[in-house]
Amino acid sequence: MNGTAALQVSLRLAGIGAGDEVIVPTMTYIASVNAIAYVGASPVFIDADSDSWNIDVSLIEKSITKKTKAILAVHIYGNPCRLDELQKLCKNYNLLLIEDTAEAFGSKYKDQFVGSFGDVATFSFFGNKTISTGEGGMVASNSKRIIDRVSYFKNQAVS
């Protein structure tokens, strides 16, 4: 599994597919958008905040529709997104919060590690990442159900 596959597995196992929308920042690596397309969903692009280069949280609410299923928060260059505001939006609209921490391994937001705020977090260990194995990816979640499903799926559906 690599970082892109981790995103794709996370989206698929969260039940996101054809006809669904996932909010994603315009300032991201193409893997974030590819993972959305791979599961048949549509990306809804939100401009970046000029100070952080992360998704501009103030622009998200007006783009939420009945088809919106998740917000994919991409932490750019180790700089965490405004996670408390994203969590609040997700709670208010019953959306999943998926963190793409490929560029932010070890970064903290308000003294808490990124990757621990969302329903699911993905990590990449590609050669240009903070921690590299040459290639690889990881999915993290506080939900045992999600982790069990990811483990089953990534093992070719073999228990």
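Before reading on, note that the structure itself is shown above.
Residues numbered from 1 in each chain as written. Predicted model: local features only at pLDDT ≥ 70, side-chain atom pairs only at ≥ 80, totals over all residues. Heavy atoms only, no water.

Colleague: What should I look at first to understand the overall build of the protein chain in this one?
Modeller: Helices and strands together make up the secondary structure of the protein chain, namely four helices and eight strands. Taken from the N to the C terminus, the helices and strands of the protein chain come in the order α-β-α-β-β-α-β-β-β-β-β-α. Within the span of the protein chain, comprising 159 residues, buried residues form 45% of the whole. Across the protein chain, contacts joining residues at least 24 apart in sequence account for 51% of those joining residues at least 6 apart. When the accessible surface of the protein chain is split by element, carbon and sulfur atoms take 51% of a total near 8200 Å². (Helix = DSSP H or I, 4+ residues; strand = E, 2+ residues; numbered from the N terminus. Buried < 20%, exposed > 50% of the residue type's maximum accessible area, 1.4 Å probe, protein only. Contact = heavy atoms within 4.5 Å. Areas by Shrake-Rupley, 256 points an atom, 1.4 Å probe, with all protein chains shown as cover.)

Colleague: Hey, could you run me through the pairing of strand β3 (residues 68–74) in this one?
Modeller: The two faces of the sheet receive side chains in turn, since in a regular strand these alternate between them. Most of β3 sits out of view: six of its seven residues are buried. Sheet topology note: the strand β1 (residues 21–25)/β3 ladder contains three bridges and is parallel. Paired with Ile 23 across the strands is Ile 71, a residue of β3. Summarising the sheet, β3 and strand β4 (residues 96–100) pair through five bridges and their orientation is parallel. Bridge pairing links Ile 71 to Leu 97 in β4. The β-α-β motif built from β3, the intervening helix α3 (residues 83–93) and the parallel element β4 has right-handed crossover chirality. (Pairing = 2+ DSSP bridges. Right-handed = clockwise from strand over helix to strand, strands pointing away.)

Colleague: Where do I start with the pattern of salt bridges in this structure?
Modeller: Proximity of charged atoms lets side chains of opposite charge pair with each other. Tallying each qualifying case throughout the model produces four salt bridges. Between Asp 49 and Arg 82 there is a salt bridge, and its shortest N-O distance comes to 3.8 Å. You can see Asp 49 sitting in the loop between β2 (42–46) and β3 and its partner Arg 82 sitting in the loop between β3 and α3, a full 33 residues away along the chain. A residue is classified by how much of its surface remains accessible, and Arg 82, at 30% relative accessible area, is partly exposed. The salt bridge involving Asp 84 is made with Lys 110; its shortest N-O contact spans 2.6 Å. You can see Asp 84 sitting in helix α3 and its partner Lys 110 sitting in the loop between β5 (108–109) and β6 (112–113), a full 26 residues away along the chain. On the basis of relative accessible area, Lys 110 is assigned to the exposed category, the value being 60%. Connected through salt bridges with shared partners, the residues Asp 49, Arg 82 and Glu 85 form a single ionic network. (Salt bridge = Lys/Arg side-chain N within 4 Å of Asp/Glu carboxyl O.)

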